[in-house]
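The residues making up each chain are set out below.
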Amino acid sequence: MKSLNLNKILNPILNFLLTLLRLILLFLKKLFNVLNIIISTLFNVLISLVIISFSLYLYSNDLQDILASSSLLPTILIAIGSTLITILILAISITIIPIQRAIESFSKSISYLYRNDKLNILIFILISLFALFAFISSIDGIFFSIKASILFPINLATVGITLDLLRWHQRRVSKLLEPDEAIKKLKIKVINFIKRNQFIISLLARLSVLISFKKRDKENYLYDEERKLYLTSSSHYNHINKKLGELTEISTKALAKNEIETVEIVVNAVSSIIITYINCRKNNLIFYTSKDAFLVTQSDADEVFNKAYEGLFNIALRSHKESHEYPSIYCLKALAKIVENICILPRSSKINLLFSPIYYFNKILNDAQEKNLDEVVFQGCNVIEEISKNIYSQKHIIEGEYTFNELFQKLITNYIITNKLELGNKVLEQMINQIFLLIPNYPYSITHSLKNVIKTIEEIFPVALATNNISKHNLMYLHFSIPYDITKEKSFFHLVQKATIFNRVEKELINPYQTFLGINHEICMHYRKLADNNDLGESVFMWHISTSISYIVKIHFHLLSKPITEINSYTDKLINQISWYLSFFWCSFSHSSKIKMSYAEKAFEVVTQIGLTCYNTEFVDKYPISRNEIIESCISDLISMINSFTKVGEDNNQYNLSDLILYLWYIRLAAKNNVEDFRIKKIDKKIKELDILKTEAIEDIKEALELRYEQMMEMLLEEDSRFSLDDEKAIGLLRKLNKDKKFYEENSILNIFIG
């Protein structure tokens, strides 16, 4: 207790001391930064301070008398002027080499920037004035009868200032050799030109509005006037394009020298220029019908945009040729930034501007894939997600659902052929992600988009199936399982789950399940096609699709238990879709040359779960007729699946066959509990018609079947919670349904099975 009390006292004190120490350290850090700035500034003007101090000292009476009596003073002042002229010439000479090197490394426009730099001009004017002042000061009394001895200290101070200016100027010019500085100057020059041009045009347009006496919509009229002025000032396109070309030239030279960071700076500069141009022209873009392409609309700004896109594309191609990946990634990200800014434009403006950056984006990725630059494609897929989010979030689609569809198709096909399965998975994930991005804003486009994605998946599925069968991947490492694996965020199950939100949104529609039914129609037909056209018996895809169907059908049952419409025809469609999902199982079994026992057991489990769910009291009361269709489908599927497994099942020994036959018995027990004598008779008849009865194997499974039946009855009659974890499985559902134990009085399954 004493130690606890001591801790309560010490802890606040320690916390206070630690806080105080942090504040002291923070203060010292800021003080150090301030002192560092002061010291650095003083060091830069050290010569000036020393000479100015000495010059002030020369104003003492004694020294002034000495200077006034000296006959050498005019000569010294002339020497100071000559020295300043020499320094001026030296300053010009010093700058020639850095400028020459900068032109060689970057672009000839660097010399133009230097020649027109205001600070450089100011330095030359100051040094020239200092020299002229020294020469004039040598004549005693020329400045308002001021003696040369009084002007001498001032001239001496100008020497110190000039020396510091020379050193500062040398450092400043040498920065031209730094890529960041040279490209930054060029970028700022172009951006300032764009803004200045827009300001002038906007000002002239406003003047035109003011002098107009007609009643018009002032804002629209203003933008119309700006468009007219842009048509008459087309020369600004050439100026911007020239600078964009120079930036591309800089990147080309940088790539040749393997200076990747310089390329990144250039690419960012190009994107900044285009983004600035987009923001300046957002309200006054001019659109017209293309003369070269049918039903294609172009913009006057395309002349600038296409130059930039071509530049980025050429940078990417050059980097691919040199086997550099990062420059290409920088270009992709730059295009994504441009798309982001285009999406913010008014709807009428962005309709035609989004096509070009996405077109060049696709071209870069295609070329990267052909050059086997996998990192570019991998990063490009992430950038595609950003682009798609921006497009869809702004309530605008330009062929949105298949903007990247052709690219995805080509990439996936190539990666399957070249056995780069991880990259193929990444591309497939992004392809499906396009559908998920449509959900918040474009629910009515999902079905069409999903159809295109499924078409691509069905084309690659046979190769993907063969690849996985050869590599013998397990459940955790199955390639191209993203649509079917419920643990994946982009699986079809999660898509169906998200689609349920539209059932609530669409309550006012005649059919509130319209979007949900459309999505499920594409998915269930897709599963059926996979079963029809592929041998899934030994593939992990069988396990994943079975699990996916199980969870999707649970969503259907949930919607049926709480319907939001009284129109039976629409709820009947939900039930009909369950039957279509069930068709996957008998179809996949009948088309399999060999069936793995673990996958078969999963399929039997799912079909039986669906059949037992139909015996739920609430479901029986609401859908007494429609539920019969599902139960009959389950029974038919189980019979067909048992017959198929008997023929081609892996390890189809007596115990495995007994396990599978018992799943059919679960539904029989549920039917007996529900007093469905007609169904019991039908099940008994179908059992007696099983193919296994026509073989000698029936004698081998009698003992196994009796043993499995006794074990099943033990689980069903168990009073404790040992089997509580199986509540969601078929055995658990049967335990919930059959609370009355009387129907368990059946002596043996063999009484029915073998009569």
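Below is a summary of the structure that appears in this document. Worth saying up front: this structure is predicted, and the values here are computed from it rather than measured.

Scanning the protein chain from terminus to terminus reveals 32 helices and two strands. Expressed as a percentage of the 755 residues in the protein chain, the buried residues total 50%. The contacts in the protein chain between residues at least 6 apart in sequence include a share of 76% that link residues at least 24 apart. Accessible surface, the protein chain as shown: approximately 37,700 Å² in total, 58% of it carbon and sulfur.

Further remarks concern the pattern of salt bridges. Tallied over the entire structure, the rule returns 16 salt bridges. Two residues, Arg528 and Asp532, come together in a salt bridge whose shortest N-O distance is 3.3 Å. Remark: Asp532 and Arg528 occur in helix H22 (residues 514-533); sequence separation between them is four residues, near one turn of the helix. One salt-bridge network, held together by shared partners, links Glu632, Glu676, Arg679 and Lys682.

Let us look at unusual backbone geometry. Unusually for a residue other than glycine, Asn258 sits at a positive phi of about 65 degrees. Inspection of the secondary structure puts Asn258 in the loop between helix H10 (235-256) and helix H11 (260-281). Unlike most non-glycine residues, Asp651 shows phi in positive territory, near 55 degrees.

Okay, the nonpolar core next. By size, the foremost hydrophobic cluster in this structure holds 181 residues, and its most contacted members are Leu247, Tyr527 and Met712. At twelve residues, helix H28 (residues 654-673) tops the list of elements feeding residues into this core. Not counting the four nearest positions on each side in its chain, Tyr527 is found in contact with Pro483, Tyr484, Phe492, Ile545, Ser548, Ile549, Ile552, Tyr581 and Phe584. Membership of the second largest hydrophobic core comes to 21 residues, among which are Ile87, Ile123, Phe130 and Leu156.

This brings us to the packing of helix H20 (residues 492-499) against helix H23 (residues 540-561). Taken N-terminus to C-terminus, the directions of H20 and H23 make an angle of 5 degrees; their axes are 9 Å apart at the nearest point. It follows from the interaxial angle that H20 and H23 lie roughly parallel. Contact residues: Phe493, Val496 and Gln497 in H20; Ser548, Tyr551, Ile552 and Ile555 in H23.

Helix length check: helix H2 (residues 46-57) (twelve residues) gives 17 Å between terminal C-alpha atoms against 16 Å at 1.5 Å per residue, within 8%. Of all the positions in H2, only Ser48, Ile51 and Ser55 are classed as buried. Along the axis of H2, the buried residues cluster in a sector spanning 75 degrees; they form a single face. Exposed residues on H2 whose side chains face more than 90 degrees from its buried face are Val50, Leu56 and Tyr57. The inward-facing, buried residues of H2 contact helix H7 (148-174).

Scanning all chains against the criterion turns up 22 aromatic pairs. Taking 6.3 Å as the distance between ring centres and 25 degrees as the angle between the ring planes, the aromatic pair formed by Phe305 and Tyr309 counts as stacked. Within this pair, Phe305 and its partner Tyr309 are both found in helix H12 (residues 302-321), separated by four residues, close to a single helical turn. Summarising the burial analysis for this pair, Phe305 and Tyr309 share the class buried. On the numbers, 6.0 Å between centres and 50 degrees between planes, the contact of Tyr484 with Tyr527 is tilted.

Thresholds, definitions, all that
All chains use their own residue numbering, which begins from 1 and follows the written sequence. For this predicted model, a pLDDT threshold of at least 70 governs which residues receive local features, and a threshold of 80 or more governs which side-chain atom pairs are given and counted, while totals over whole chains, interfaces and linings are taken from all residues. Calculation of side-chain values draws on the structure's entire complement of heavy atoms; hydrogens and water are dropped beforehand. The secondary structure listing takes helices from DSSP runs of H or I that are at least 4 residues long and strands from runs of E that are at least 2 residues long, numbered from the N terminus. For each residue, the accessible area found with a 1.4 Å probe, counting protein chains only, is set against the maximum for its type, and the residue is called buried under 20%, exposed over 50%, and partly exposed in between. Only heavy atoms matter for contacts: two residues are in contact if any of them lie within 4.5 Å across the pair. The method behind every accessible area is Shrake-Rupley, applied with a 1.4 Å probe, and residues are considered shielded solely by the protein chains displayed. For this document, the term salt bridge refers to a Lys or Arg side-chain nitrogen within 4 Å of an Asp or Glu carboxyl oxygen. Within this scheme, the nonpolar core is defined by two criteria: the residues are buried Ala, Val, Leu, Ile, Met, Phe, Trp, Tyr or Cys, and they are joined through side-chain atoms within 4.5 Å. Axes here mean lines fitted to C-alpha atoms, for a helix over just the part in contact, with angles spanning 0 to 180 degrees between N-to-C directions. Relative orientations are named as follows: roughly parallel for angles under 35 degrees, roughly antiparallel for angles over 145 degrees, roughly perpendicular for angles from 65 to 115 degrees, and oblique for any other angle. To estimate how far a helix should extend, the number of its residues minus one is multiplied by 1.5 Å. Relevant arc is that of directions from the helix axis to the C-beta atoms, nothing else. Working definition: rings of Phe, Tyr and Trp (its six-membered ring) pair if their centres are within 6.5 Å, and the pair is stacked with planes under 30 degrees apart, edge-to-face with planes over 60 apart, and tilted otherwise.

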